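# What the coordinates show
One letter stands for each residue in the lines below.
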Amino acid sequence: MSPTALSSQQRDGRFWNLRPNLHKTTLWKTLQLMWRFAFNKPTGTVPSQPIPVLAITQAQLLAAPDRSLFRLGHSTMLLKLRGEFWLTDPVFSKRASPFQWIGPKRFHQPPISITDLPPIKGVILSHNHYDHLDYDAVMQLKDKVEHFLTPLGVGDTLIKWGVPAEKVQQLDWWQETQVAGLQFAATPAHHFSGRGLSDSNATLWASWVIIDDDLRVFFSGDTGYFDGFKEIGNRYGPFDVTMIETGAYDVEWPDVHMLPEHTLQAHLDLRGRQLLPVHNGTFDLALHVWNDPFERIVALAERHGVAVSTPQMGELLNLNEPKAENRWWRALPI
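Residues numbered from 1 in each chain as written. Predicted model: local features only at pLDDT ≥ 70, side-chain atom pairs only at ≥ 80, totals over all residues. Heavy atoms only, no water.

Before going further, it helps to spend a moment on a nonpolar patch on the surface. Among the surface-exposed residues, Phe-99, Trp-101 and Ile-102 lie close enough to one another that they form a single nonpolar patch of about 370 Å² accessible area. If you trace the backbone, Ile-102 turns up in the loop between strand S5 (84-88) and strand S6 (120-124). (Patch = residues over 30% accessible without salt bridge, like charges linked within 9 Å, V, L, I, M, F, W, Y side chains within 5 Å. Areas by Shrake-Rupley, 256 points an atom, 1.4 Å probe, with all protein chains shown as cover. Salt bridge = Lys/Arg side-chain N within 4 Å of Asp/Glu carboxyl O. Helix = DSSP H or I, 4+ residues; strand = E, 2+ residues; numbered from the N terminus.)

Structure, rendered in structure tokens:
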């Protein structure tokens, strides 16, 4: 489907969330936030030294068992399913920005370069923000990727960039597709889109359901907390692993990024078994200390008896038994 196709979430050429935002943004709040980002950020939003990663080789990936997951940074995960590889929101650039000389800079190198990756069966994109849709990465990946799965409109951007149209599938919320024996569903999220001043909400944003026979995985993309998680859980749960954003949050913008308490509730709504908090540990996109997302979600999970995995960047996570209790950030200085 293209963004010109009928979608229940599209009106007047723009896409909308299932419910209105609960927190209203004003010009004054926006200016205050810009001032805080520019001149009043707290100490510790960026680690004092690069975060160490576990380097990955192509040979390791090829030898890895099926249902392996490698966290590459931020919201970029590499999954091996049925002997083939899938990437979520691949961002490999130095900065999450339209320019590579300014903007949020990576805390660490990717555990593997795009050049060293094996052939990729598919890329799953959640929306078009710069920390999720990386032009340079797409240009390097387009010849080694068979399929790009995107929300409505995002695929048109890829095609404009030179990705062959036959490689691109664009889905509306609740639409499903099958690729190489796997089932995928684009599901709702509560967020927004845009890469410039004139394209606000011109493309859709989505979360994703990935089903491999008896294995069910959820990928949140970016989202605020909303009651749609319960419906996703009812339709597709329970999930063996939920990859849910936990980072770049603030009490002033809960409609676009969840606080850790919201992440935990979303996991419960989805009827998840193992929580993998993502969208953290790579870029400075908020006003909290860089390791705050890890500490808060682990403490909340322990308090509520929820299993949580925190693999180091590059560490293998077995999706059949996704226990990775490596609290690696505690060995690093703030």
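After that view of the structure, there is still more to cover.
Because side chains alternate across strand S9 (residues 176-179), one face comprises the buried residues Thr-177 and Val-179, and the other comprises Glu-176 and Gln-178, none of which is buried. Looking at chain direction, S9 and strand S10 (residues 182-187) are connected through four bridges and run antiparallel. Each bridged residue has a counterpart across the sheet, and for Val-179 the counterpart in S10 is Leu-182. The turn joining S9 and S10, which pair antiparallel and follow one another in sequence, is formed by two residues; a positive phi near 50° is taken by Ala-180. (Buried < 20%, exposed > 50% of the residue type's maximum accessible area, 1.4 Å probe, protein only. Pairing = 2+ DSSP bridges.)

Within this structure, the stated rule accounts for 14 salt bridges. For Glu-84, the salt bridge goes to Lys-121, with nearest N and O atoms at 3.4 Å. Taken together, the residues Glu-84 in strand S5 and Lys-121 in strand S6 connect sequence positions 37 residues apart. Salt-bridge contacts for Asp-292 lead to Arg-296; the nearest nitrogen and oxygen are separated by 3.5 Å. Placement of both Asp-292 and Arg-296 in helix H7 (residues 292-304) is noted, with a separation of four residues, approximately one turn of the helix. Residue classification places Arg-296 among the partly exposed positions, given a relative accessible area of 28%. If you follow the salt bridges from partner to partner, you end up with Arg-67, Arg-82, Asp-212, Asp-213 and Asp-214 in one network.

Attention now goes to the packing of aromatic side chains. Evaluation of the coordinates by the stated rule reveals 15 aromatic pairs. Relative to Phe-184, the ring of Trp-86 lies with its centre 4.6 Å away and its plane at 45°, an arrangement referred to as tilted. With a gap of 98 residues between them, Trp-86 in strand S5 and Phe-184 in strand S10 connect regions that are remote in the sequence. One exposure class covers both Trp-86 and Phe-184, and it is buried. (Phe/Tyr/Trp six-rings, centres within 6.5 Å; stacked < 30°, edge-to-face > 60°.)

This part is about the layout of surface pockets. Counted as a void, the largest pocket has a volume near 1800 Å³. In terms of lining residues, the largest pocket is bounded by 49 residues, among which Leu-33, His-129, Phe-192, Val-256 and His-257 are the most central. If you list the elements that add at least two residues to the lining of the largest pocket, you get strand S2 (14-15) and helix H1 (27-39). By residue number, the principal contributor to the lining of the largest pocket is H1, which donates seven residues. Along the lines of polarity and charge, the residues of the lining of the largest pocket split into 18 nonpolar, 17 polar and 14 charged. (1 Å grid on protein atoms, 1.4 Å probe; cavity = no way out; pocket = protein on both sides within 12 Å on 5 of 7 lines; lining within 4 Å. Points joined across faces, edges and corners; volume = space filled by probe spheres on them. Nonpolar A, V, L, I, M, F, W, Y, C, P; charged D, E, K, R; others polar.)

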